[in-house]
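# Notes for the structure review
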Amino acid sequence: MNVVSYGGGVQSTALLVLAAQGRIDFGTFLFANVGDDSEHPKTLRYVREVAIPFAKDQGISLHILERHRRDGTTETLWERLVRPESRSVPIPVRMSNGAPGRRACTADFKIKVVGRWLREHGATKIAPAQVAIGISVDEVHRANRRRAEPHENIVYPLLDLGLRRTDCLRIIEQAGLPIPPKSACFFCPFKTLQQWQEMRHTEPELFAKATELEATLIAQRAALGRDPAYLTRRGKPLSEAIPVATPLPLVDSDEAECDSGWCMT
């Protein structure tokens with residue numbers, strides 16, 4: 001079983017085009033949707049309006065997967081974050097001292113969701129699935145940081161082909177497809193300060209929702225007698241950390257980069 005972990009971004013969309021061209025042998029793409037209330041709307045729109053029709057035309061299966069609770073109902077990342085009884089924060093928020101919090105979002109809403117689909121379709125420890133992840137040469141440091149489950153072998157076709165992100169952009173454009181937006185949850189704390197400021201200017205509704213989420217997380221932690229947690233390293237709420245008009249530094253060295261080798265590809 002050969003599948004691609006499809007994130008809806010540039011690198012994994014390039015893999016979709018390469019599969020359509022027969023340059024890589026992957027006929028199944030799996031998009032783990034962490035929730036329509038959590039994924040960036042532009043990513044969801046691209047997956048549904050561009051990627052899925054293209055895949056169908058090329059004879060490729062592209063499945064949208066969701067996380068389900070034991071009772072069979074769908075759980076989104078946003079729902080887990082805001083539930084009143086929540087005692088932990090599964091996204092990489094920043095503590096009051098700037099240190100990153102524990103992160104479980106990738107494992108619970110991406111890796112495990114895809115893993116369940118693989119097991120349901122025959123992947124085992126004896127006969128593992130080959131799971132391709134869209135990491136390009138210029139992001140090679142992200143490779144091999146993604147843990148491998150017993151039922152899967154992780155491979156990196158873009159590295160094997162020696163392709164960089166600029167190559168991926170060219171591959172997508174030459175296939176006649178629009179360039180996908182950067183894929184990530186719209187409230188992901190791995191955003192740079194510049195990305196937060198751009199959101200505040202161009203997507204004020206999303207910025208307001210992220211601000212609402214941060215306030216909820218701070219209130220939950222306060223009720224447990226814990227320090228506040230923020231979506232940036234600045235140690236203050238988004239509305240204060242991200243100025244409306246004042247330009248932020250061009251070099252945003254304080255922000256961390258997702259190192260999971262799974263999200264944002």
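### Focus: the side chain of Thr-76
One can find Thr-76 in the loop between β5 (74–75) and α3 (77–82). A distance of 2.9 Å separates a polar atom in the side chain of Thr-76 from a polar atom in the side chain of Asp-37. With residues up to four places along the chain from it excluded, the contact list for Thr-76 reads Val-34, Gly-35, Asp-37, Ser-38 and Phe-109.

### A look at the pattern of salt bridges
Close approach of charged atoms allows side chains with opposite charge to pair. The tally for this structure, following the rule as stated, stands at 12 salt bridges. One salt bridge connects Glu-75 with Arg-67, and the closest N-O pair in it is separated by 3.1 Å. Of the two residues examined, Glu-75 and Arg-67, each falls in the buried class. The structure contains a network of salt bridges with shared partners spanning Arg-67, Glu-75, Arg-80, Arg-83, Asp-108 and Lys-112.

### A word on the side chain of Ser-86
As for its position among the elements, Ser-86 is in the loop between α3 and β6 (94–95). Separated by 2.9 Å, the side chain of Ser-86 and the backbone oxygen of Ser-88 make a polar contact. Excluding residues within four positions of it along the chain, Ser-86 makes contact with Arg-80, Leu-81, Gln-220 and Leu-224.

### Some words on the environment of Ile-179
Within the secondary structure layout, Ile-179 lies in the loop between α6 (165–174) and α7 (193–202). As a C-alpha pair, Ile-179 and Thr-13 span 166 residues in sequence and 8.7 Å in three-dimensional space.

### Some thoughts on helix α2 (residues 41–57)
For α2, built from 17 residues, the straight-helix expectation of 24 Å at 1.5 Å per residue is met to within 8% by its first-to-last C-alpha distance of 24 Å. For α2, the secondary structure elements touched by its buried residues are α1 (10–20), β2 (28–32), β3 (61–65) and α6. Immediately downstream of α2, the backbone of Gly-59 shows phi near 75 degrees, a positive value.

### Digging into the pairing of β3
Where a strand is regular, its side chains alternate between the two sheet faces. Sheet topology places β2 next to β3; five bridges connect them, and they run parallel. Each bridged residue has a counterpart across the sheet, and for Leu-30 the counterpart in β3 is His-63. Each parallel crossover has a hand, and for β2 linked through α2 to β3 it is right-handed.

### So, the packing of aromatic side chains
For the structure on display, the rule yields six aromatic pairs. Measuring from ring centre to ring centre gives 6.2 Å for Tyr-6 and Phe-29, while their planes differ by 70 degrees; the resulting arrangement is edge-to-face. Taken as a pair, Tyr-6 in the loop between β1 (2–5) and α1 and Phe-29 in strand β2 lie far apart in primary sequence, 23 residues in all. Accessibility expressed as a relative area gives 1% for Tyr-6, which makes it buried. What makes Phe-29 buried here is its relative accessible area of 0%. A centroid spacing of 6.4 Å and a plane angle of 80 degrees characterise the contact between Trp-196 and Phe-207, whose relative ring orientation is edge-to-face. Of this pair, Trp-196 sits in helix α7 while Phe-207 sits in helix α8 (residues 204–223), and the two are 11 residues apart along the sequence. Residue classification places Trp-196 among the buried positions, given a relative accessible area of 0%.

What counts as what
Residues numbered from 1 in each chain as written. Predicted model: local features only at pLDDT ≥ 70, side-chain atom pairs only at ≥ 80, totals over all residues. Heavy atoms only, no water. Helix = DSSP H or I, 4+ residues; strand = E, 2+ residues; numbered from the N terminus. Polar contact = N/O pair within 3.5 Å; in protein donor to acceptor, adjacent residues only side chain to side chain. Contact = heavy atoms within 4.5 Å. Salt bridge = Lys/Arg side-chain N within 4 Å of Asp/Glu carboxyl O. Buried < 20%, exposed > 50% of the residue type's maximum accessible area, 1.4 Å probe, protein only. Expected span 1.5 Å × (residues − 1). Pairing = 2+ DSSP bridges. Right-handed = clockwise from strand over helix to strand, strands pointing away. Phe/Tyr/Trp six-rings, centres within 6.5 Å; stacked < 30°, edge-to-face > 60°.

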